[in-house]
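Okay, here's what each chain looks like letter by letter:
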Amino acid sequence: NKSCTGRYIKGKKESVWTYFHHNGKIASKLYYKNDKLLKSVIYNETGDLITGKLIEKKEAVFKGGKRSFISKVQKRMSTFSHKIKERVSIRFTIGFDGGIKDVYLDQILPKEMEKELIAKIEEIKGWSPHISMNRRVSVYRTIPINFRK
């Protein structure tokens, strides 16, 4: 799917920039002149015009905060007999629906254990999606997790 369309003139946003929701419907139309936003028109995911302020950027957050997420990951990792070094970085995508996918661990584990651990991490619920230009978008995160000896 298209994410956005627009043009630059001499390195500056110019004319209409159109941003799209994940379903292909228009999320917002932003009117620029010499890189300055003049007007914004926003739409919901069904394509209906809505009133309100454009949300340019709102970070994805975990209910209870980052520490709560880390705690949930640590709890799931503690069920494994494989010795986990003190610090593991977990890379993953928070989807536009708030779900976790594309999990990668920076520590090599036996294949079956890695699969099981990734599945357990992907089960964790509680992320609100990232908002960019009035649309829910996927974002990548890397979170270091510290373990006690």
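Residues numbered from 1 in each chain as written. Predicted model: local features only at pLDDT ≥ 70, side-chain atom pairs only at ≥ 80, totals over all residues. Heavy atoms only, no water.

K.L.:
Just checking my understanding: could you explain the environment of alanine 27 for this structure?
P.N.:
With respect to the element layout, alanine 27 can be found in strand 3 (residues 26-33). Given the relative accessible area of 0%, alanine 27 is considered buried. Distance in space between the C-alpha atoms of alanine 27 and cysteine 4 is 9.4 Å, their sequence separation being 23 residues. (Helix = DSSP H or I, 4+ residues; strand = E, 2+ residues; numbered from the N terminus. Buried < 20%, exposed > 50% of the residue type's maximum accessible area, 1.4 Å probe, protein only.)

K.L.:
Got a minute to help me understand the pattern of salt bridges in this structure?
P.N.:
As a working rule, side chains carrying opposite charge can pair if their charged atoms are close by. With the rule as written, the count across this model stands at three salt bridges. In this structure, the salt-bridge partner of glutamate 59 is arginine 141, at a minimum N-O distance of 2.7 Å. One end of the pair, glutamate 59, is in the loop between strand 6 (57-58) and strand 7 (61-62); the other, arginine 141, is in strand 13 (residues 139-146), and 82 residues separate them in sequence. For glutamate 59, a relative accessible area of 37% puts it in the partly exposed group. Each of Lys57, Glu59 and Arg141 takes part in a single network of salt bridges with overlapping partners. (Salt bridge = Lys/Arg side-chain N within 4 Å of Asp/Glu carboxyl O.)

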